[in-house]
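Remarks on the overall topology
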Amino acid sequence: MSLDKGLNKILIIDFGSQFTQLIARRIRELGVYSEIVSHKKIKNNIDYSIKGIILSGGPLNVYEIKRYSFDKKIIKNGIPVLGICFGHQILSKLNGGKVKQSKHREFGLVNINKKKESLLTKNFFKNNRTIKVWMSHADQVSKLPENFNTVASSLNSKFAIVENKSKKFYGVQFHPEVTHTENGKKLISNFIFLICRVKRNWSSKDQKKKLLKDIKKQVGKDKVICALSGGVDSSVVAQLLNKAIGKKLYCIFVNTGLLRKNEEKQVVKTFKKKLKINLIYVNAEKEFTKKLSNVSDPEKKRKIIGNLFIKIFERYAKKIKDVKFLAQGTLYPDLIESKSVTGSQTSKIKSHHNVGGLPKRMKLKLVEPLKFLFKDEVRKLGLELNLSKEIISRHPFPGPGLAIRMPGIITKEKIDILKEADHYFIQALKDHGLYHKIWQAYAALLPVKTVGVMGDNRTYEYLCLLRAITSEDGMTADFYEFKKSFIQEISNKIVNSIRGINRVVYDITSKPPSTIELE
Ligand code: XMP
């Protein structure tokens, strides 16, 4: 267990729950430092900076005792403990209670009712009586340990919240860390501030300091190349590394020819001229056009683009010499979408090129300082790093760029048309004060031509699709509801100004079942 000594912290013991990072995130939101350590690595080293312990949920069964090894003495040092779901069940089991398979499994929202007062649930219940919580369990505590009391019950979970007040042990069968649980954050806050009595000690500024320290420790005196796209995540990574290692950082910005209008100029202006970052600008437009000619399969496009990025990075890594690391702006949701936290593979929807592919072939070690953060946290960090609001609040833009917003074959003519349409759409969103209300928006060009009439003439031109979505983290999304006047204005603008488009449609599907990008 290698913990950061000194700073008062909450230790989260991870048993493989999908939500463990959400627990850490809620604690960060409350302004307190926490560290996640796998249960396999827990040893009972006395660390006086641990002020509270949270036992996470997990896919294991408490009765398969051998599979959740950890030094149980850690919870016998008088430190307050909160067990969540599986964590609640182990806490009961370790104190002499019993756990068995539930007759009635509970998944989703469930009402729980208050049975007694507790510090853990101060101002938690609605009308001091009941609240909706999010359950996800097939096992449950069937017999409480001695000296434990029931604080709340649901219809099927008698021991939905339990406590041993004198030992400061608390257990909840539901997940307070997920947003579906009403007031869940209040419960976590009560545990941290009222029970563990930790003081606020964590902010974006502290996050920045810690990341800078970690980067320096990881890369030492070696050189790092950073794949800079100009998007929020890679910009924050580049600026972090710039602050941590300065000229030993080489940012590589590849102009694929598939970028948004004027993007390459903006990136060079911001990073090279304003932020004085070591930036290598690679114009690879011709290479990309050649490799992608006549390719229409979405996965093939993604693979070709990913591979070409590798080649270009390899080429420049060789030129620079002695490069040992590749920095990427991978975020936590990217990791969950590509593989589950317990290590089991989830089904692959798309080959996102900044999670798979790149590193293995390049033999470079990865620097991924944002891999435990969520997008909004990265944005806050960016502001802390003095990046402009304009960069920080940009809509996400995928690595493969316009290639995946143009189903079918890619041609120079189509790229030029699409760049213009996208530019008009995004500009209109900005002019109408809508840009920041929308998580991501773009124009796409569909591979069909339709008939129209302009003046007195027949036209036969492309179909432009507009997509604008609201989302929290890109994992689920809903379409944005524009006023008719706006959608009419932008449709007219596109059709009247761009030769090559005579029809505009608006995508009204959510994710799932659709994805945000078209390919
Ligand atoms: P999907 O289309 O999977 O997109 O719903 C979710 C989010 O991810 C972005 N995206 C990518 N980002 N490389 C990236 O860096 C990629 O290959 C890639 N594919 C999709 C997409 O724009 C959306 O924000």
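Criteria and thresholds
Residues numbered from 1 in each chain as written. Predicted model: local features only at pLDDT ≥ 70, side-chain atom pairs only at ≥ 80, totals over all residues. Heavy atoms only, no water. Helix = DSSP H or I, 4+ residues; strand = E, 2+ residues; numbered from the N terminus. Contact = heavy atoms within 4.5 Å. Areas by Shrake-Rupley, 256 points an atom, 1.4 Å probe, with all protein chains shown as cover. Lys, Arg positive; Asp, Glu negative; His and termini not counted. Charge placed at Lys NZ, Arg CZ, Asp CG, Glu CD. Core = buried A, V, L, I, M, F, W, Y, C linked by side-chain atoms within 4.5 Å. Buried < 20%, exposed > 50% of the residue type's maximum accessible area, 1.4 Å probe, protein only. Domains from an automatic or database assignment. Phe/Tyr/Trp six-rings, centres within 6.5 Å; stacked < 30°, edge-to-face > 60°. Lys NZ or Arg CZ within 6 Å of the ring centre and 35° of its normal. Axes fitted to C-alpha atoms, helices over the stretch in contact; angles between N-to-C directions. Left-handed = near helix turned anticlockwise from the far one by under 90°. Nonpolar A, V, L, I, M, F, W, Y, C, P; charged D, E, K, R; others polar. Expected span 1.5 Å × (residues − 1). Arc of directions from axis to C-beta. Pairing = 2+ DSSP bridges. Parallel < 35°, antiparallel > 145°, perpendicular 65-115°, else oblique. Disulfide = S-S within 2.5 Å. Salt bridge = Lys/Arg side-chain N within 4 Å of Asp/Glu carboxyl O.

A word on the overall build of the protein. Counting secondary structure elements, the protein contains 14 helices and 18 strands. Its C-alpha atoms give the protein principal-axis dimensions of about 85 × 55 × 35 Å. The long-range fraction of contacts in the protein, counting pairs at least 24 apart against all pairs at least 6 apart in sequence, stands at 76%. Summed over all atoms, the accessible surface of the protein reaches about 24900 Å², with 50% contributed by carbon and sulfur. Here the protein contributes 97 positive and 48 negative side-chain charges, whose respective centroids are spaced 5 Å apart.

In terms of nonpolar packing, the biggest core is built from 89 residues, with Ile225, Val236, Leu370, Phe425, Leu429 and Phe482 touching the most fellow members. A total of nine residues in this core trace back to one element, the largest contributor, which is helix 8 (residues 298-320). When residues of this core are sorted by domain, at least three fall in each of domain 2 (204-392) and domain 3 (412-506). Judged by nonpolar contacts, the second largest core, of 33 residues, contains Ile84, Val110, Leu120 and Ile192.

Moving on: the packing of aromatic side chains. Taken as a whole and judged by the stated rule, the model has 14 aromatic pairs. Taking 5.6 Å as the distance between ring centres and 85° as the angle between the ring planes, the aromatic pair formed by phenylalanine 19 and tryptophan 134 counts as edge-to-face. With phenylalanine 19 in the loop between strand 1 (9-14) and helix 1 (20-29) and tryptophan 134 in strand 6 (residues 130-143), this residue pair connects regions lying 115 residues apart in the sequence. One exposure class covers both phenylalanine 19 and tryptophan 134, and it is buried. Pairwise contacts between aromatic rings join Phe425, Phe479, Tyr480, Phe482, Phe486 and Tyr506 into one cluster. Stacked on the ring of phenylalanine 70, the Lys or Arg lysine 72 has its end atom at 5.3 Å from the ring centre. Over the face of the ring belonging to tyrosine 462 we find lysine 449, whose NZ or CZ atom lies 5.0 Å from the ring centre.

What follows deals with the side chain of arginine 405. Along the chain, the position of arginine 405 falls in the loop between helix 12 (389-392) and helix 13 (412-431). Setting aside anything within four residues of it in sequence, one finds arginine 405 in contact with Pro396, Phe397, Pro398, Leu418, Gln440, Tyr442, Ala443, Ala444, Leu445 and Glu517.

On to the packing of helix 7 (residues 285-292) against helix 8. Following both chains from N to C, one finds helix 7 and helix 8 inclined at 145°, their axes separated by 10 Å at the closest point. As helix 7 runs across helix 8, the sense of the crossing is right-handed. Every residue of helix 8 that contacts helix 7 at Glu287, Phe288, Lys291 and Leu292 is listed here: Lys301, Ile304, Ile305, Leu308, Phe309, Lys311, Ile312 and Arg315. Taken together, the residues of the contact of helix 7 with helix 8 sort by class into seven nonpolar, no polar and five charged.

With that settled, consider helix 4 (residues 204-219). Within an α-helix, residues lying three or four positions from one another point in the same direction, as the helix has 3.6 residues per turn. Between the first and last C-alpha of helix 4 there are 22 Å, a value that for 16 residues agrees with the 22 Å anticipated at 1.5 Å per step. Among all positions of helix 4, only Gln207, Lys208, Leu211, Leu212, Ile215 and Val219 are buried. For helix 4, the arc enclosing every buried residue in end-on projection is 135°, short of the 170-degree limit, so these residues lie on one face. Along helix 4, the residues that are exposed and aim more than 90 degrees away from the buried face are Lys209, Lys213 and Lys217. Just past helix 4, the residue glycine 220 takes up positive phi, approximately 55°.

Turning to the domain arrangement of the protein, a few remarks are in order. Domain boundaries assigned for the protein yield domain 1 (9-195), domain 2 (204-392) and domain 3 (412-506). Once you take the C-alpha centre of each, domain 1 and domain 3 turn out to be 48 Å apart.

So, on to the sheet that holds strand 2 (residues 34-38). Strand pairing in a sheet relies on backbone hydrogen bonds, with the paired strands running either antiparallel or parallel. Pairing in this open sheet of nine strands is mixed, and the strands run 2-1-3-4-9-8-7-5-6 from one edge to the other. Bordering the open sheet on either side are strand 2 and strand 6, each of which pairs with just one other strand. Neighbour-to-neighbour, the strand axes of this sheet turn through a mean angle of 20°, independent of strand direction. As defined by bridge partners, strand 1 adjoins strand 2 across five bridges and the pair is classed as parallel. Directly across from isoleucine 10, in strand 2, lies its bridge partner serine 34. Set on the sheet, helix 2 (residues 86-94) makes contact with strand 3 (50-55), strand 4 (81-84), strand 5 (98-114), strand 6, strand 8 (161-164) and strand 9 (169-172); between it and strand 4 the angle comes to about 120°. The strands touched by helix 3 (residues 184-195) within the sheet are strand 1, strand 3, strand 4, strand 8 and strand 9, with strand 9 carrying the most contacts at an inclination of about 175°.

On to the packing of helix 4 against helix 11 (residues 375-384), then. Each pair of packed helices gets described by two things: the angle between the helix axes and the distance between those axes. With their axes 9 Å apart at the nearest point, helix 4 and helix 11 run at an angle of 80° to one another. Between helix 4 and helix 11, the crossing angle belongs to the class labelled roughly perpendicular. On the side of helix 4, the interface is formed by Ser204, Lys205, Gln207, Lys208 and Leu211, while helix 11 contributes Lys380, Leu381 and Glu384. A breakdown of the residues in the contact of helix 4 with helix 11 according to their chemical character gives two nonpolar, two polar and four charged.

Our focus in this paragraph is the environment of valine 237. Checked against the element boundaries, valine 237 lands in helix 5 (residues 232-245). Sequence-wise, valine 237 and proline 369 are 132 residues apart; in three dimensions their C-alpha atoms are separated by 7.0 Å.

On inspection of all chains with the given rule, the structure shows zero disulfides. Cysteine cysteine 196 shares no disulfide, and the gap to the nearest cysteine sulfur, in cysteine 85, comes to 20 Å.

Pairing is possible between side chains that carry opposite charge, provided their charged atoms lie close to one another. Under the definition given, this model contains 21 salt bridges. Salt-bridge contacts for lysine 9 lead to aspartate 47; the nearest nitrogen and oxygen are separated by 3.6 Å. Separated by 38 residues along the polypeptide, lysine 9 in strand 1 and aspartate 47 in the loop between strand 2 and strand 3 bring together distant segments of the chain. By relative accessible area, which is 0% here, lysine 9 ends up buried. With relative accessibility at 10%, the residue aspartate 47 sits in the buried group. Residue arginine 315 is joined to glutamate 287 by a salt bridge in which the shortest nitrogen-to-oxygen separation is 2.7 Å. Linking arginine 315 in helix 8 with glutamate 287 in helix 7, this pair joins segments that are 28 residues apart in sequence. Using a relative accessible area of 34% as the deciding quantity, one classes arginine 315 as partly exposed. Its relative accessible area of 29% is what places glutamate 287 among the partly exposed residues.

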